[in-house]
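# Structural features, examined
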Amino acid sequence: AQGSVTASPSQYDGEYDCPVTVGTPGVTLPLDFDTGSSDLWVFSSELPASERSGHAYYTSSSSSTSKLDSGETWDISYGDGSGAEGNIYIDKVTIGGITVTSQAVEAAESVSSEFVSDTSNDGLVGFAFDSINTASPNHVQTWFGNAEAQLASPVFTANLKKGKAGNYNFGYIDSSEYTGSITYATINSANGFWEFSASGYAVGSGAFSSQSIDVIADTGTTLIYLPAAIVKAYYAKVSGSSNSASAGGYIFPCSATLPSLTIGIGSYKAVVPGTFLNYAPNTGSTCFGGLQSNAGIGLSILGDVFLKSQFVVFNQGVPKIGFAPG
Ligand SMILES: Cc1ccc(-c2noc([C@H]3C[C@@H](O)CN3)n2)cc1F
């Protein structure tokens, strides 16, 4: 089997949500696909009504194929401090025409305020490695982990776009979605992430600095977070920029012309256009950067601002990750 699903950006490309059908009869929910976590969870009828407002949700008792995964609970926290928790049902989950008949569906009994107010999604699908799934006392498998048996190849691809719909494909690589050739990096999955070493960076037309940068590819993170020294070197080329405590990061005049950012993957030079690095308006005539410091995060993240400039192959078989111009 192979499948494809549309990925729709929320405002400012804050996240990319995809339709996922759960249960029988199916309820279709927009879920945030997140290669930085490994829980599939949904808003559910078990939430207080106040926390469900503005959201669609899964009602296990209305699904003829739902079965309680007795004794199992989940409790997840995300990088921004948001989180959710609840219990678990086994039910059918279809994405892009591919059905997993016995998927662990983590039903939310409580969600943090960030999720209540983010009405773009009704939950998340984690595409990282099973080791960081939060189900307890036993891990449950990711949807992709369960779907792999149906796929010709243990791969999914991300073809995210700036300001318009893109897609995720499962089980195949569509050569019409990229140009040139795909360059792969070996993945170290010891921490449960799609983690690899980038080979360096360049700012605009400046010299490429060869250095190993430990990064994760995370579709659930909006921006790019790199070591402070690299970020400082980037904004040194943006007149009027400053690292603003009140804004929570680097800002600059919205009229600024931003240089591109090149990230090395092996010998491949992945270029993020300067326009992608003006993320969104801040206050007044200042704008907020798509590249920010990883200080306090503990690792560097290639989030959507980077990923939407590339075609990305996530190969869980090896594991390895591949990049080509999108
Ligand atoms: C309201 C809301 C908050 C956070 C997230 C979120 N999803 O993925 C991630 C990153 C950070 C890391 O934890 C794993 N990937 N963050 C999504 C939301 F809809």
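Quick look at the structure, then. The shown structure was predicted, so the numbers you read here are calculated from the model rather than taken from an experiment.

Right, let's talk about the sheet that holds strand β18 (residues 268-272) for a bit. One open sheet holds the seven strands; their spatial order is β18-β17-β12-β13-β22-β14-β21, and the pairing between them is mixed. Single-partner strands in this sheet number two, and they are β18 and β21 (291-293). Put simply, the sheet's adjacent strands are angled 45° from each other on average, direction ignored. Examined bridge by bridge, strand β14 (residues 224-226) and β21 share three bridges and lie parallel to one another. Of the residues in β21, the one forming a bridge with Leu 226 is Ser 293. With respect to the sheet, helix α4 (residues 228-235) is in contact with β12 (195-203), β13 (209-217), β14, β17 (261-265) and β21, its orientation differing from that of β21 by roughly 135°.

This part is about the packing of aromatic side chains. On inspection of all chains with the given rule, the structure shows 24 aromatic pairs. Where Tyr 235 meets Phe 252, the ring centres are 6.2 Å apart and the plane angle is 25°; that geometry is what we call stacked. Pair noted here: Tyr 235 is in helix α4 and Phe 252 is in strand β16 (residues 249-253), with a separation of 17 residues, a long-range link. By relative accessible area, which is 3% here, Tyr 235 ends up buried. Here the aromatic cluster, defined as three or more aromatic residues joined through ring pairs, consists of Phe 33, Phe 127, Phe 129, Trp 143, Phe 144, Phe 156, Tyr 168, Phe 170, Trp 194 and Phe 314. Geometry around Phe 208 places Lys 269 over its ring, the cationic atom sitting 4.2 Å from the centre. Against the face of Tyr 184 rests Lys 320, its NZ or CZ located 4.0 Å from the ring centre.

Attention shifts here to the pattern of salt bridges. Taken as a whole and judged by the stated rule, the model has one salt bridge. The shortest N-O distance in the salt bridge between Asp 13 and Lys 308 comes to 2.7 Å. Pair noted here: Asp 13 is in the loop between β1 (3-9) and β2 (16-22) and Lys 308 is in the loop between α5 (304-307) and β23 (310-315), with a separation of 295 residues, a long-range link. Given a relative accessible area of 7%, Asp 13 falls into the buried group. Judged by its relative accessible area of 7%, Lys 308 falls in the buried class.

Parameters and conventions
- Residues numbered from 1 in each chain as written.
- Predicted model: local features only at pLDDT ≥ 70, side-chain atom pairs only at ≥ 80, totals over all residues.
- Heavy atoms only, no water.
- Pairing = 2+ DSSP bridges.
- Helix = DSSP H or I, 4+ residues; strand = E, 2+ residues; numbered from the N terminus.
- Axes fitted to C-alpha atoms, helices over the stretch in contact; angles between N-to-C directions.
- Contact = heavy atoms within 4.5 Å.
- Phe/Tyr/Trp six-rings, centres within 6.5 Å; stacked < 30°, edge-to-face > 60°.
- Buried < 20%, exposed > 50% of the residue type's maximum accessible area, 1.4 Å probe, protein only.
- Lys NZ or Arg CZ within 6 Å of the ring centre and 35° of its normal.
- Salt bridge = Lys/Arg side-chain N within 4 Å of Asp/Glu carboxyl O.

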